[in-house]
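Next come the chains, spelled out residue by residue.
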Amino acid sequence: MGERKVAVVTGSNKGVGFGIVRGLCQKFHGDVYLTSRDERRGRDAVRELEKEGLSPKFHQLDVTDKRSIYTIKNFLEKTYGGLDILVNAGIMKSFHTKEEGNKVIETNYVSVVNISEALFPLLRPNARVVNVSSRMGNFTAFNMKEETKMKFASQNLTVKELTSLVWEYYNLFDCPNFNPKLYIGQFAYGVSKLGLNRLTSILQRNVSADQRHILVNSCCPGYVDTDMSDHKGLLTVDQGADTPVYLALLPTDQKSIAGEMVCERVVVKWDQGDLHPNPLIKSMMPSLKSLL
């Protein structure tokens with residue numbers, strides 16, 4: 001009898017992460033773990049899916065706490081001996097101060113670095129990793145000064161170097177010409193997702209060297225009707241989950257989508273600038289080039 005397959009979705013008690021758990025429960029032949037920082041909310045979400053006839057499992061996980069990350073690592077190693085699907089869906093967007101913006105970077109980018117460091121050694125051959133990102137990352141890259149973009153685009157960039165670049169770029173928030181009232185609602189989020197998209201490429205490069213045929217991709221779920229969009233999004237949670245689930249279940253003979261950014265099942269460039277659906281953000285962001 002073979003080892004039981006297992007999938008883990010971070011930040012999945014609501015929103016797109018919840019939709020991803022639902023989709024994997026319907027299509028993945030293995031155990032699917034819904035995780036959340038708050039155990040009560042997580043178990044409530046599991047019960048909601050159980051009412052639909054699905055059978056998700058639950059494990060507490062605070063993506064910003066290394067001890068919590070290593071707790072789930074030890075659990076997976078002991079219980080399953082490995083990991084087949086990892087979807088990083090935990091996100092934070094809202095902030096009003098520079099300090100709160102730091103938390104956005106920590107949650108959306110640094111936590112994925114830490115999770116990857118802990119869980120990648122558990123990935124089995126043909127495992128799939130999906131980082132739920134955003135068009136804001138592409139849009140932020142598009143509006144960078146060329147010299148800055150070249151640093152992020154380096155083919156030899158390490159995770160440590162990328163992390164330094166992410167913080168360096170975010171700290172331009174303190175630039176005297178920077179208008180925090182105009183950009184504070186988007187800047188940290190965009191930088192965090194830019195970092196996540198580039199991290200995805202580096203992680204794919206690293207795992208490609210060991211011939212386990214692991215695929216690591218990032219994706220934008222689209223403009224989804226969730227708390228993140230203040231429920232202004234046009235897509236349902238299940239529609240938003242479509243691309244992440246698609247990438248998580250790429251067949252074993254699929255090698256062409258690796259280290260990419262994917263929107264609506266289509267690969268896009270990490271610095272493609274015509275992707276954001278919000279016209280207000282489109283009108284704001286071009287002026288960043290003169291500052292950043």
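The paragraphs below set out a description of the structure included in this document. These numbers come from a predicted model, not from an experiment. (Residues numbered from 1 in each chain as written. Predicted model: local features only at pLDDT ≥ 70, side-chain atom pairs only at ≥ 80, totals over all residues. Heavy atoms only, no water.)

## As for the sheet that holds strand E3 (residues 57-60)
One open sheet holds the eight strands; their spatial order is E3-E2-E1-E4-E5-E6-E7-E8, and the pairing between them is mixed. One side of each edge strand has no neighbouring strand; the edge strands of this open sheet are E3 and strand E8 (266-268). Here the strands of the sheet are splayed against their neighbours by 25° on average, with no regard to which way each runs. Looking at chain direction, strand E1 (residues 6-9) and strand E2 (residues 31-36) are connected through four bridges and run parallel. Its bridge partner being in E2, Val 6 is matched across the sheet by Asp 31. On the sheet, helix H4 (residues 98-119) packs against strand E4 (83-88) and strand E5 (123-132) and is oriented at approximately 175° with respect to E4. (Pairing = 2+ DSSP bridges. Helix = DSSP H or I, 4+ residues; strand = E, 2+ residues; numbered from the N terminus. Axes fitted to C-alpha atoms, helices over the stretch in contact; angles between N-to-C directions. Contact = heavy atoms within 4.5 Å.)

## Digging into unusual backbone geometry
Positive phi outside glycine occurs at Asn 126, with the angle close to 70°. Relative to the helices and strands, Asn 126 is located in strand E5. Even without a glycine there, the phi angle at Glu 264 is positive, about 50°. Along the polypeptide, Glu 264 turns up in the loop between strand E7 (261-263) and E8.

## Observations concerning the packing of helix H3 (residues 66-79) against H4
Contact pair H3 / H4: the axes reach a minimum separation of 10 Å and the direction vectors enclose 30°. Viewed along their axes, H3 and H4 adopt a mutual orientation that is roughly parallel. Crossing handedness for the pair H3 and H4: right-handed. Where H3 abuts H4, its residues Lys 66, Ile 69, Tyr 70, Lys 73 and Leu 76 lie against Ser 111, Asn 114, Ile 115, Glu 117, Ala 118 and Leu 119. Classifying every residue of the contact of H3 with H4 gives six nonpolar, two polar and three charged. (Parallel < 35°, antiparallel > 145°, perpendicular 65-115°, else oblique. Left-handed = near helix turned anticlockwise from the far one by under 90°. Nonpolar A, V, L, I, M, F, W, Y, C, P; charged D, E, K, R; others polar.)

## What to know about the environment of Asp 65
Within the secondary structure, Asp 65 sits in the loop between E3 and H3. Residues Asp 65 and Arg 37, 28 residues apart in the sequence, show an inter-C-alpha distance of 9.5 Å. Within polar-contact distance, the side chain of Asp 65 engages the backbone nitrogen of Arg 67 at 2.9 Å. (Polar contact = N/O pair within 3.5 Å; in protein donor to acceptor, adjacent residues only side chain to side chain.)

## Description of the nonpolar core
One finds Leu 76, Leu 83 and Phe 152 to be the most contacted residues of the largest nonpolar core, which totals 48 residues. Among the elements of the structure, E1, H3, E4, H4, E5, helix H5 (135-142), helix H7 (159-170) and helix H9 (187-208) are those that each provide at least two residues to this core. The element that contributes the greatest number of residues to this core is H9, accounting for ten residues. Not counting the four nearest positions on each side in its chain, Phe 152 is found in contact with Met 144, Leu 157, Leu 162, Leu 165, Val 166, Tyr 169, Leu 194, Arg 198 and Trp 270. Counting 30 residues, the second largest nonpolar core, distinct from the first, contains Phe 18, Phe 28, Ile 85 and Val 132. (Core = buried A, V, L, I, M, F, W, Y, C linked by side-chain atoms within 4.5 Å. Buried < 20%, exposed > 50% of the residue type's maximum accessible area, 1.4 Å probe, protein only.)

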